[in-house]
There are 2 protein chains.
Amino acid sequence: MPQENSQTSAKRPKITRGQVIAAVDTLGQGIANGTYPQGSTLAIEQELAASLGVGRNALREAVKVLSGKGLISTAPRSGTKIRPMSDWNMLDPDVLRWHADPETASPEFMLDLIELRQIIEPRAAALAAERATKADLAEILAAYEDMANTEADKQEHLEADIRFHTAVLKASHNRVLSHFRYAISTYLRAHVKLGKEQSKSINNDDLERHHKIAWAIASGQSKTAYQLTEEMLQTNRLHFKEEA
Amino acid sequence: MPQENSQTSAKRPKITRGQVIAAVDTLGQGIANGTYPQGSTLAIEQELAASLGVGRNALREAVKVLSGKGLISTAPRSGTKIRPMSDWNMLDPDVLRWHADPETASPEFMLDLIELRQIIEPRAAALAAERATKADLAEILAAYEDMANTEADKQEHLEADIRFHTAVLKASHNRVLSHFRYAISTYLRAHVKLGKEQSKSINNDDLERHHKIAWAIASGQSKTAYQLTEEMLQTNRLHFKEEA
DNA sequence: GTTTACATTTAATGTGATTAATGATAATTT
DNA sequence: AAATTATCATTAATCACATTAAATGTAAAC
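It should be emphasised that the depicted structure is a prediction, and the values quoted were computed from it without experimental measurement.

Chemist: Describe the pairing of strand E3 (residues 79-82) of chain B, with residues and values.
Modeler: A regular strand places its side chains so that they alternate between the two faces of the sheet. Residues and elements named next belong to chain B. Burial along E3 is one-sided: the face carrying Thr-80 and Ile-82 is buried and the face carrying Gly-79 and Lys-81 is not. In this structure, strand E1 (residues 41-42) lies alongside E3, joined through two bridges in antiparallel fashion. Along E3, the bridge assignment pairs Thr-41 with Lys-81.

Written out as structure tokens, the structure is:
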């Protein structure tokens, strides 16, 4: 349910129902951005914690969800504590979203995400070139078309970009690999929100590269797909680094 | 808390306290192995669901945790349903553990995990060769020593093996990459539980390879570390395939 | 003086019941 | 026939109470 929210949060600023998921989101964000520092204890029982505007029981359910994501540990008498960052499930969609919040995200984490992309996506593209079905190809090509047609609208262009990379991952036909769509979309969203205004020429190069990648996958050239994806991410990284 | 349990579950068969985490585990396993088929609705309100031996409130918290892991969706009137497998967070430690349960795990999923290892680990080893600190190296070498000294005890050998790969990932100094330790340890545990008895010569080769990898990382030879890790996983895969 | 044993205390966990909101289905009306 | 309304089953949320378990402090014993 939380990641359901992560998709629609942009369109639904107000959450009328679902106190517990609101509490999960607020607490998760607070933990990620350091409002609740690591090692500190949260006084659940106190009404203070219920200052989130939810009842005690809803808060408890929220704490349980966050425990499941590794953000919190609970033990009698010692209280509910914030666990050290090395313990949270960085691959959880929600944790990724909170931790990559443009307001507070550390540049190091962004670089970690780029590194992950550089490792995952070229191989995923190569696998896609070997295994993509016609339906997969249709999705990839449709996403590319959307990218080409939405160069004016930044938001729409971003969504199409995410669709493109998601479709490639899906075409790899590896159930685990496909789940990196969350990490990638989180990175892309944070990237644009950080105001990385790219020049028109760079954008054109980027679009051109996506076209070549789609073509390589469609024609089954796995090695080419690998190399093109690697190049795309390399320039992406350089571009990020020189600004950071 | 759940992944805390995943570590100690072998040593603590009985869970005296923590009804909700017991419910999470039981339900999670049940969903993963198909006891509760995808798309089916769970009757929470009914005492039937409380046949797990826990109260309604604990069950509700368990449902929330599983929602957070993408296994379940809840909506008024339509009920709480099991989401399609493509929606679960396959990278969550608990979900991995449930889904890779040797009793019911599909061979395809095991192959997906090997494929993931082939993508991640060589690059992680290469990064470790570039970035490992002395403390990291000490951990890797200690894990190797443990592997060499526990060839008699299969269980201890497995734990040392897991420590080795975890240490390499940690030495990559990428906060996201490090979290693949769960996927890798899950795979390794499932692999040995599936009764993949390896001949003594293969085991010796494997140990020898770990030694070479540790040496390559210690001496900063990233390319060698990459290739050796790739080879190790390649033979691993072949070995798995010929039995599957 | 140090350690062990026990009782106390405090916060989390578990249970049950009740009320409110939500959304899908069915029925009614235009 | 389409649209609006009414109904009803189910989740969501909160309250109040009982239980459990661990940390602290006190006292006794070595």
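Chemist: Which residues make up the relation of the copies chain A and chain B, and what values do they have?
Modeler: It takes a turn of 180° to lay chain A on chain B, together with a shift of 0.0 Å along the axis; the resulting RMSD is 0.1 Å. Taken together, the turn and the small shift mark the pair as related by a two-fold rotation axis. Of the C-alpha atoms belonging to chain A, the one lying closest to the rotation axis is found on Val-65 of chain A, 2.3 Å away.

Chemist: How would you explain the interface of chain A and chain B if you had to name every residue and give the values?
Modeler: Each side of the interface is counted separately: chain A has 51 residues, and chain B has 51 residues. Counting the surface lost from both chain A and chain B, the interface buries some 4,300 Å², and carbon and sulfur atoms represent 52% of this. The tally of links between chain A and chain B comes to eight salt bridges. Between Arg-175 of chain B and Asp-112 of chain A there is a salt bridge; the shortest N-O distance is 3.7 Å. Taken together, the links from chain A to chain B amount to 17 residue pairs in polar contact (both at pLDDT 80 or more). Those elements that place two or more of their residues in the side of chain A that touches chain B are helix H1 (2-8), helix H3 (56-68), strand E2 (72-75) and helix H5 (107-131) of chain A. With 12 residues, H5 of chain A is the largest single contributor of residues to the side of chain A that touches chain B. Considered class by class, the residues forming the side of chain A that touches chain B number 22 nonpolar, 13 polar and 16 charged.

Chemist: Let's hear about the sheet that holds E1 of chain B: which residues, and what values?
Modeler: Taken in spatial order, the three strands make up an open sheet running E1-E3-E2 (chain B), and their pairing is antiparallel. Since the sheet does not close on itself, it has two edges, and those belong to E1 and strand E2 (72-75) of chain B, each with one partner.

Chemist: So what's going on with helix H2 (residues 19-32) of chain A? Which residues, and what values?
Modeler: Under the 1.5 Å per step criterion, the end-to-end length of H2 of chain A is 20 Å for 14 residues, consistent within 8% with the ideal 20 Å. Just beyond H2 of chain A, the residue with positive phi is Gly-34 of chain A, at close to 90°.

Chemist: Can you tell me about the packing of H5 of chain A against helix H5 (residues 107-131) of chain B, naming the residues and giving the values?
Modeler: In a pair of packed helices, the angle between the axes and the distance between the axes together describe the arrangement. Their axes nearest at 10 Å, the elements H5 of chain A and H5 of chain B cross at an angle of 150°. With respect to their mutual orientation, H5 of chain A and H5 of chain B come out roughly antiparallel. Our pair here, H5 of chain A against H5 of chain B, has a crossing hand that is right-handed. Only Glu-115, Gln-118, Ile-119, Ile-120, Arg-123, Leu-127 and Arg-131 of chain B of H5 of chain B make contact with H5 of chain A, whose side of the interface consists of Glu-115, Gln-118, Ile-119, Ile-120, Arg-123, Leu-127 and Arg-131 of chain A.

Cut-off values and rules
- Sequence order as written defines the numbering, with residues in each chain counted from 1.
- Key to labels: chains lettered from A, ligands numbered from 1, both in the order written.
- pLDDT decides what is reported in this predicted model: residues at 70 or higher carry local features, side-chain atom pairs at 80 or more are listed and counted, and totals for whole chains, interfaces and linings draw on all residues regardless.
- Here the side-chain values reflect all heavy atoms present in the structure, with hydrogen atoms and water set aside.
- Summary of the burial criterion: residues with accessible area below 20% of their type's maximum are buried, those above 50% are exposed, and those between are partly exposed, where the area comes from a 1.4 Å probe applied to protein chains only.
- Secondary structure elements are taken from DSSP: a helix is a run of H or I of four residues or more, a strand is a run of E of two residues or more, and numbering for both begins at the N terminus.
- A strand pair is defined by DSSP finding two or more bridges across the two strands.
- For the least-squares superposition of copies, only C-alpha atoms count, and only for residues with pLDDT at least 70 in both.
- The contact criterion used is simple: two residues touch if any of their non-hydrogen atoms lie within 4.5 Å.
- When two parts are put together, the accessible area they lose, computed with a 1.4 Å probe and summed over both, is reported as buried area.
- A pairing counts as a salt bridge when a side-chain nitrogen of Lys or Arg comes within 4 Å of a carboxyl oxygen of Asp or Glu.
- Definition of a polar contact: a pair of N or O atoms within 3.5 Å, with one able to donate and the other able to accept a hydrogen when the atoms are protein atoms, and with sequence-neighbouring residues admitted only if both atoms are side-chain atoms.
- In the scheme used here, Gly and all other residues not listed as nonpolar or charged are polar, with Ala, Val, Leu, Ile, Met, Phe, Trp, Tyr, Cys and Pro taken as nonpolar and Asp, Glu, Lys and Arg as charged.
- In a helix, the anticipated span is given by 1.5 Å times the number of residues less one.
- Angles here are taken between N-to-C directions and fall from 0 to 180 degrees, while the axes themselves are lines fitted to C-alpha atoms, restricted in helices to the stretch in contact.
- Roughly parallel means an angle under 35 degrees; roughly antiparallel, over 145; roughly perpendicular, 65 to 115; everything else is oblique.
- Crossings are sorted by hand: turned counterclockwise from the far helix by less than a right angle, the near helix makes the crossing left-handed, and turned clockwise it makes it right-handed.

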